[in-house]
Amino acid sequence: MQDLFGDDAAGAPRRVTLGPGAVLLRARALPDERQLLAAIDEIVAAAPFRRMVTPGGFEMSVAMTNCGAAGWTTDRHGYRYTPLDPASGQPWPPLPGLFWSLARGAAADAGYHGFAADACLLNRYEPGTRLSLHQDRNERDFSQPIVSVSLGLPAMFLFGGNKRNDKTLRVPLRHGDIVVWGGPSRLFHHGVLALKDGDHPTLGRQRLNLTLRKAL
Ligand code: MD3
Ligand code: FE
């Protein structure tokens with residue numbers, strides 16, 4: 001039987017429904033690859049990737065930074081969006097117009113019209129890095145989707161349900177894939193398995209993930 005999600009052979013569908021309101025748009029970001037990477041370099045120069053600490057006192061293995069009007073942060077005091085980068089005391093770098101328009105276009109392709117992102121969390125995975133099952137609940141309006149863009153090494157994404165113990169679906173996410181998470185899926189548990197080592201032609205030994213959000 002053919003693999004519904006892992007198939008990138010010629011003729012494979014570019015649009016796959018992963019769950020209620022969750023749509024995978026394979027290779028959707030590829031035409032914008034160069035400009036995306038240039039914009040990321042600029043953001044990271046102003047707000048470098050850093051490993052944040054959870055409220056429980058653990059350093060996350062994923063390194064993170066942000067751009068936009070607010071950035072997702074965690075420290076001993078909790079998870080929240082902040083207008084300033086705690087590392088510099090300065091506002092996060094602005095959300096590039098390309099991020100905003102790519103997120104709006106992908107959301108519309110998935111059936112969510114008028115999406116206006118105001119924040120972007122950038123995650124960097126190195127071999128061995130994982131993200132345990134969690135929900136994204138720090139945004140104000142859960143009626144708005146989250147748009148995720150995967151770049152670099154492929155990762156195995158875990159997609160569960162409303163309950164932490166719900167059965168999880170495994171979905172490989174590759175360079176250029178965009179997933180739009182809205183509707184009931186917006187609050188589903190999800191995570192990423194430990195990144196396998198590899199060498200991506202443009203990004204080397206890493207995976208970057210952008211999540212575009214309406215946080216405020
Ligand atoms: C499903 N990032 O930043 S992107 C996150 O690959 C996060 O870095 C993962 O989970 C990553 O919070 C997964 C896909 C994703 C993002 C947000 C979601 C899936 C989601 C929100 C709700 C449901
Ligand atoms: Fe998440």
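### Here's the deal with the overall build of the chain
Summing up its helical and strand segments, the chain has two helices and 13 strands in all. Relative to the 2.2 N^0.38 estimate, which gives 17 Å for 216 residues, the radius of gyration of the chain is 16 Å and therefore close to what a compact globule would have. For the chain, the spread of C-alpha atoms along the principal axes amounts to about 55 × 40 × 35 Å. Sorting the 216 residues of the chain into buried and exposed places 52% on the buried side.

### A few points about the site of ligand 1
The environment of ligand 1 is formed by 19 residues, the closest being Asn 123, Tyr 125, Asp 136, His 190 and Arg 207. Between ligand 1 and Arg 213 there is a distance of 3.1 Å, counted from an oxygen atom to a side-chain nitrogen or oxygen. Protein chains bury 98% of the 490 Å² of accessible surface belonging to ligand 1 in isolation. Secondary structure elements with two or more residues in the shell around ligand 1: β6 (119-125), β7 (131-134), β8 (146-152), β12 (190-192) and β13 (207-213). Broken down by element, the shell around ligand 1 gets its largest block of residues, four residues, from β13. For the shell around ligand 1, a count of residues per class yields eight nonpolar, seven polar and four charged.

### Concerning the pairing of strand β3 (residues 63-68)
Of all the six residues making up β3, six are buried; the element is thus mostly covered by neighbouring parts of the structure. Here β3 shows two buried faces, one formed by Ala 63, Thr 65 and Cys 67 and the other by Met 64, Asn 66 and Gly 68. Two elements, β3 and β6, share six bridges in a ladder whose sense is antiparallel. Directly across from Thr 65, in β6, lies its bridge partner Leu 122.

### Comments concerning the coordination of the iron ion (ligand 2)
Every protein donor of the iron ion (ligand 2) is listed here as His 134 (NE2), Asp 136 (OD) and His 190 (NE2), and their distances to the metal cover 2.0 to 2.2 Å. In terms of primary sequence, the donors binding the iron ion (ligand 2) are separated according to H-x1-D-x53-H. Classification of His 134 by relative accessible area gives partly exposed; the value is 24%.

### Things to note about the sheet that holds strand β9 (residues 155-159)
Judged by pairing direction, the sheet is antiparallel, and its four strands sit side by side in the order β7-β12-β9-β10 without closing on themselves. The open sheet terminates on both sides in strands that have one partner only, identified here as β7 and β10 (169-173). Taking each pair of neighbouring strands and ignoring which way they run, the sheet shows an average axis angle of 20°. Examined bridge by bridge, β9 and β12 share three bridges and lie antiparallel to one another. Residue pairing in the sheet places Leu 158 in a bridge with Gly 191 of β12.

### Let's talk about the nonpolar core
If you look at the biggest cluster of nonpolar residues, it comprises 33 residues, and the most contacted ones within it are Phe 99, Val 147, Val 149, Ile 178 and Leu 212. At the level of secondary structure, the elements contributing two or more residues to this core comprise β2 (22-25), α1 (33-46), β3, α2 (97-109), β6, β8, β11 (178-181) and β13. The leading source of residues in this core is α2, at six residues. Ignoring any residue separated from it by four or fewer positions in sequence, one finds Ile 178 in contact with Val 23, Leu 24, Leu 25, Arg 28, Ala 29, Leu 102, Ala 106, Val 147, Ser 148 and Val 149. Counting 28 residues, the second largest nonpolar core, distinct from the first, contains Tyr 81, Val 171, Leu 173 and Leu 195.

Conventions and cut-offs
Residues numbered from 1 in each chain as written. Chains lettered and ligands numbered in written order. Predicted model: local features only at pLDDT ≥ 70, side-chain atom pairs only at ≥ 80, totals over all residues. Heavy atoms only, no water. Helix = DSSP H or I, 4+ residues; strand = E, 2+ residues; numbered from the N terminus. Rg over C-alpha atoms; globule rule 2.2 N^0.38 Å. Buried < 20%, exposed > 50% of the residue type's maximum accessible area, 1.4 Å probe, protein only. Near = heavy atom within 4 Å. Polar contact = N/O pair within 3.5 Å; in protein donor to acceptor, adjacent residues only side chain to side chain. Areas by Shrake-Rupley, 256 points an atom, 1.4 Å probe, with all protein chains shown as cover. Nonpolar A, V, L, I, M, F, W, Y, C, P; charged D, E, K, R; others polar. Pairing = 2+ DSSP bridges. Donors = N, O, S within 2.8 Å, 3.2 Å for Na, K, Ca; no water. Axes fitted to C-alpha atoms, helices over the stretch in contact; angles between N-to-C directions. Core = buried A, V, L, I, M, F, W, Y, C linked by side-chain atoms within 4.5 Å. Contact = heavy atoms within 4.5 Å.

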